[in-house]
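A look at the structure
Here are the chains, one letter per residue:
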Amino acid sequence: MEKFMIPPEFDLPQKGRSEEAVKRWRAAVGKLVKNRRRRFRYAADLEKRSEAKEQMKRLRENIRVCFVTFKAALRFMEVAGQGKFIPSEGSSERVEQEVEPDYQNGLPEEAKRAGFQVHPDKLASIVSSYDIKTLRKLKGVEGLSDRLNVSLIKGVNSNDVPTRQNIFGQNSYTEKPSKSFWMFVWEALHDLTLIILIVCAVVSIAVGLATEGWPRGMYDGVGIIFSIFLVVMVTAVSDYKQSLQFKELDKEKKKIFVQVIRDGFRQKISIFDLVVGDIVHLSIGDQVPADGIFVSGYSLLIDQSSLTGESVPINIQEKRPFLLAGTKVQDGSGKMLVTTVGMRTEWGKLMETLSEGGEDETPLQVKLNGVATIIGKIGLVFAVATFSVLTVRFLIEKGLRNEITIWSSADALTLLNYFATAVTIIVVAVPEGLPLAVTLSLAFAMKKLMNDKALVRHLSACETMGSATTICTDKTGTLTTNRMVVSKTWICGTVKEVDSNESSKCSLASYISEKVLAVLLQSIFNNTGSEVVTDKDGKTSILGTPTESAILEYGLHLGGNFDEERQACKFLKVEPFNSEKKRMSVIVALPDGNKRGFCKGASEIILKMCDTVINSDGDTVHLSEERASDLLDVINGFACEALRTLCLAFKDFDNDGSNEISVPESGYTLIAIVGIKDPVRPGVKEAVKSCLAAGITVRMITGDNINTAKAIARECGILTDDDLAIEGPEFRTKTPYEMSQIIPKLKVMARSSPTDKHVLVKISRSMLREVVAVTGDGTNDAPALHEADIGFAMGIAGTEVAKESADVIVLDDNFATIVNVAKWGRSVYINIQKFVQFQLTVNIVALMINFIAACITGSAPLTAVQLLWVNLIMDTLGALALATEPPHDRLMERPPVGRTESFITRTMWRNIVGQSIYQLSLLLVLTFEGKQILGLTGSDATAVLNTFIFNAFVFCQVFNEINSRDIEKINIFRGMFSNWIFSGIMLATVAFQIVIVEFLGTFASTVPLSWQLWALSVAIGAVGMPIAVVLKCIPVGKSKNNVDSEKQHDGYEPLPSGPDLA
């Protein structure tokens, strides 16, 4: 049945789908779409995407040509002896005279008054065209900063920001203007079936006025127009509110902050507040926020693939100083002078086109488009059949009365009403609301998750997370608080607890010399990627990663002075920390002219690089195997206490006068081992327990020592005695098959690299068919985040590269938030199933009752106006009521939905068929025998019966909507009254039904009913509830797909039991 309802063209994966596959399913939808504007409003615009691709090609070619020209010019200058960056003094005046007229030409008076000496467009062209020759004529970055009236040390003056924004523009990109409410009304009116009904209504009014006069002749037509107005307005309001939610979420997605120097202080600002002249700090994982010129830095490696398509990163330095917006910092750190912002950058122009391309549809949206297409085709057949049967009967009756040649306007009106009924059957039959209900449910979930600190970047992630079988999580900051502090140290053979209340300097002085302390402080303050800064109020704070901050804080606790230590030494080489090497190294020139290297990182790795150790007198002594073994015991002892361990080491170099020194791999002297405490987050143990109960395996992937990892994993409830913990180097030596054998039992991977994480995710997905969620915060985590079914980036500790590759950003870096996303994902999936069950039941009954009645009696019991009201109940209002149900804790007590599990399950078909049989049987009996059963007589008996059938039908849907709140459980009232959206829609539906029947009979073809008939209508609908209880007690077999999906989440089949044992 699933294959019939969802053809293969509509079964697309979440990631990695081709453009041809997207085109195939859209072609399969065909012309049977009532309103393309509305159905595909949130679908990807393939034409715009194609435009963006072409623009990207042109941009890449332009940049490539500029870059080749730049390299040629650079080579020529070096050959010609112009390698020095600043021109000679004798030529400076001539250079000024050459440059001034050109670069100040067209400069506004406001800019001149503000002290700017270069036109924004000319400035933009220097960077975008890699114009190194002009940059040198302008005396490099120093000359350019003078022309931009900014200090490279103090940065922009905050008071100048508005002026700079007026002259050079804001750092924002042109976006599609938001649609107004009336645009949504206009789009709702583009429904083809509604347009046909409007035409029918107008013709009906014209014919009615001619035959029945004013005002009776207008009633039918006005009734249809009023119903259409109601449908359009409710649809437009729902869609408009949905668009506002997406707009708000879109704003959150674009919130990126950068570190700049302003008013002489380092501070964090939004990229949208960035102005030309700002000095921006760049570090690993950052996205370059604007075009600019390199000021200073170390080993700054830029990935330009997002712009140029080139996979080889570019090393940025004085001779190659150009930085382009949208590129990523792959390694190193540096400072840049912003020269171009917003739409003057190539990235800005590209973003304008990319933003109109839209987002891929979610797998569920595509599937339900398939369901809507199949049901629509069936409905079209029934509509044509109904119109044909009614018309043929009408013609036969005219023939029997010998009136086949005599036609009146009343006959035309009868045929018009038949046609309107047929068109309305199509309105009801084509479930346009199915794919849109997914969007509605996802928008609602995304809004709620935003309040719960989870920013969903891609719609499909929220949907897919409901099926997650595995979560591969980082330790630091996700399972732990990320508030680190040095709690234990080993220095010169002595292990010491660090007490924040007493002076560590005094306690250290008792067993180490001043010489050792000096080396320790040099190592702490020079070999770091963090900074100790003072704000305007004189308050000292540390900017950097929690690990770095903890060590710096310890250095300050020892009485060290960050600025003094940094100013005393000159940096010769810096190798920033990266997750592959697991260490950071620097080489500095000391005040006495000697050179010294410092290294810091993973304790076992650094220990292997040391062959000596410093003693309490400051002398170096040989590190014997026995002493190295003792130090490993110290490291493991720290790790077993759940402390993160790091080693600090140094190496002195011979003074040969050369500054070209490479960072050594060995020969270091060990200074200290530090143990950093990072407590487990409150609530993590409960969140892990919730995952295990829900059939979700939690795996910890960390770069820490294996003993630290085990201790934390046990504390969180991830690791038990039967589980496996392994180190990355051991894992990567195994074959894919061996990996697939150990992964089901693997719960902890320590000392792992980003490549290990990527391989683990890949094997889990491809060989074990797991639905994998993975967390990441570093630049190198991007491949794993992209490979996973759902990628989670950390909002606090995560880099911009990781966030861009992720599907969800965890704003509070908390594992419990990830579990909450899983709960909402399950809620979305089940809510859509509820809505589909409800809508298919209404579809079947509405189609069959009108078709069978038309075939037998020659008239349809439900008129066009009544069917439009039913369509509103089951489509927009039904989606609002059922697709926005909040999650409950019981959702995490059931196994995840498997990759191959049918969306429309056998349980759903049981409920749909059972309710349809009850409603159809009852309504057909009333249609043919209703007058006798109800004792109706008189001239209005038919009108009363048809009104009663309509009323009973609506109340059947009202109670069936309540039944649909839970597909399997009998108690359908749990949480109903706390859900004000559902309760409000139910009350509004009943209230408006009373108004239609009692007061709008002239337009809706109804007559007022007695209280007895009202009570009977409600009772008929309410009987559906005990029937639902009986239906839920009927067992249904599971399809092969469903059985496969219910394998245990560890990859093994359960042992047979009971009848299976035989």
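For the structure given in this document, a descriptive report is provided here. What you see is a predicted model, and the numbers here were worked out from it, not measured in a lab.

**As for the sheet that holds strand β22 (residues 724-727)**
- Overall, mixed pairing links the eight strands, which are arranged β8-β26-β25-β24-β9-β21-β23-β22 in an open sheet. A single partner strand is all that each edge strand has here, and the edge strands are β8 (454-456) and β22. Recorded for the sheet is a direction-independent mean angle of 20° between the axes of neighbouring strands.
- Pairing between strand β9 (residues 470-473) and strand β21 (residues 697-701): four bridges, direction parallel. The partner of Cys 472 across the bridge, within β21, is Arg 699.

**Some thoughts on the packing of helix α21 (residues 514-526) against helix α22 (residues 546-557)**
- Orientation of α21 relative to α22, taken along the N-to-C sense of each, is 140°, at an axis distance of 9 Å. Remark: the crossing between α21 and α22 carries left-handed chirality. Within the contact between the two elements, α21 uses Leu 521, Ile 524 and Phe 525 and α22 uses Ile 551, Leu 552, Tyr 554, Gly 555 and Leu 556.
- Classifying every residue of the contact of α21 with α22 by side-chain character gives seven nonpolar, one polar and no charged.

**Observations concerning unusual backbone geometry**
- Phi at Tyr 130 is positive, roughly 50°, even though this residue is not glycine.
- In this structure, Tyr 130 sits in the loop between α7 (120-128) and α8 (132-137).
- Although it is not a glycine, Asn 482 adopts a positive phi angle of roughly 65°.
- When you line up the elements, Asn 482 lands in the loop between β9 and β10 (485-491).

**Some thoughts on the pairing of strand β2 (residues 265-270)**
- Of the pairings in the sheet, the one linking strand β1 (residues 257-262) to β2 comprises six bridges and is antiparallel in character. Opposite Phe 257, over in β2, you have Ser 270 as the bridge partner.
- Joining the antiparallel neighbours β1 and β2 is a turn of two residues, in which Asp 263 adopts a positive phi near 55°.

**Here's the deal with the pattern of salt bridges**
- Under the counting rule described, the total for this entry stands at 27 salt bridges.
- Between Lys 447 and Glu 248 there is a salt bridge, and its shortest N-O distance comes to 2.7 Å. Here the residue Lys 447 occupies a position in helix α18 (residues 433-451), and Glu 248 occupies one in helix α13 (residues 219-253), the gap between them amounting to 199 residues.
- Its relative accessible area of 41% is what places Glu 248 among the partly exposed residues.
- Put simply, Asp 474, Lys 757 and Asp 781 are held in one network by salt bridges that share partners.

**A word on the nonpolar core**
- Grouped together as the largest cluster of nonpolar side chains are 154 residues, with contacts concentrated most on Leu 197, Met 465, Ile 790, Phe 792, Phe 815, Ile 832 and Val 836.
- Counting residues per element, this core draws most heavily on helix α33 (residues 815-857), which supplies 18 residues.
- Sequence-distant contacts of Ile 832, that is, excluding residues within four places in its chain, are made with Leu 364, Leu 368, Ala 437, Val 438, Ser 441, Ala 883 and Phe 903.
- In terms of nonpolar packing, the next biggest core, distinct from the first, is built from 60 residues, Met 56, Leu 123, Ile 293 and Met 336 among them.

**Notes on empty space enclosed by the protein**
- Evaluation of the coordinates by the stated rule reveals six cavities of 30 Å³ or more.
- The space that makes up the second largest cavity amounts to roughly 110 Å³.
- Of all the secondary structure elements, the ones that give two or more residues to the lining of the second largest cavity are α13, α34 (864-882), α37 (980-999) and α38 (1001-1004).
- Here the lining of the second largest cavity takes four residues from α13, the largest share from any one element.
- Residues that form the lining of the second largest cavity fall into these classes: 11 nonpolar, two polar and no charged.

**Comments concerning the packing of aromatic side chains**
- Summed over all chains, the structure comprises 14 aromatic pairs.
- Aromatic side chains Trp 869 and Phe 992 sit 5.0 Å apart centroid to centroid with 50° between the ring planes, which places their arrangement in the tilted category. Of the two residues, Trp 869 is situated in helix α34 and Phe 992 in helix α37; the sequence distance between them amounts to 123 residues.
- On the basis of relative accessibility, which here comes to 7%, the residue Trp 869 falls in the buried class.
- With relative accessibility at 23%, the residue Phe 992 sits in the partly exposed group.
- These aromatic residues form a ring-pair network of at least three members: Phe 181, Trp 182, Phe 184 and Tyr 240.
- The ring of Phe 982 carries Arg 965 above its face, with NZ or CZ at 5.4 Å from the centroid.

Rules and cut-offs
- Residues numbered from 1 in each chain as written.
- Predicted model: local features only at pLDDT ≥ 70, side-chain atom pairs only at ≥ 80, totals over all residues.
- Heavy atoms only, no water.
- Pairing = 2+ DSSP bridges.
- Helix = DSSP H or I, 4+ residues; strand = E, 2+ residues; numbered from the N terminus.
- Axes fitted to C-alpha atoms, helices over the stretch in contact; angles between N-to-C directions.
- Left-handed = near helix turned anticlockwise from the far one by under 90°.
- Contact = heavy atoms within 4.5 Å.
- Nonpolar A, V, L, I, M, F, W, Y, C, P; charged D, E, K, R; others polar.
- Salt bridge = Lys/Arg side-chain N within 4 Å of Asp/Glu carboxyl O.
- Buried < 20%, exposed > 50% of the residue type's maximum accessible area, 1.4 Å probe, protein only.
- Core = buried A, V, L, I, M, F, W, Y, C linked by side-chain atoms within 4.5 Å.
- 1 Å grid on protein atoms, 1.4 Å probe; cavity = no way out; pocket = protein on both sides within 12 Å on 5 of 7 lines; lining within 4 Å.
- Points joined across faces, edges and corners; volume = space filled by probe spheres on them.
- Phe/Tyr/Trp six-rings, centres within 6.5 Å; stacked < 30°, edge-to-face > 60°.
- Lys NZ or Arg CZ within 6 Å of the ring centre and 35° of its normal.

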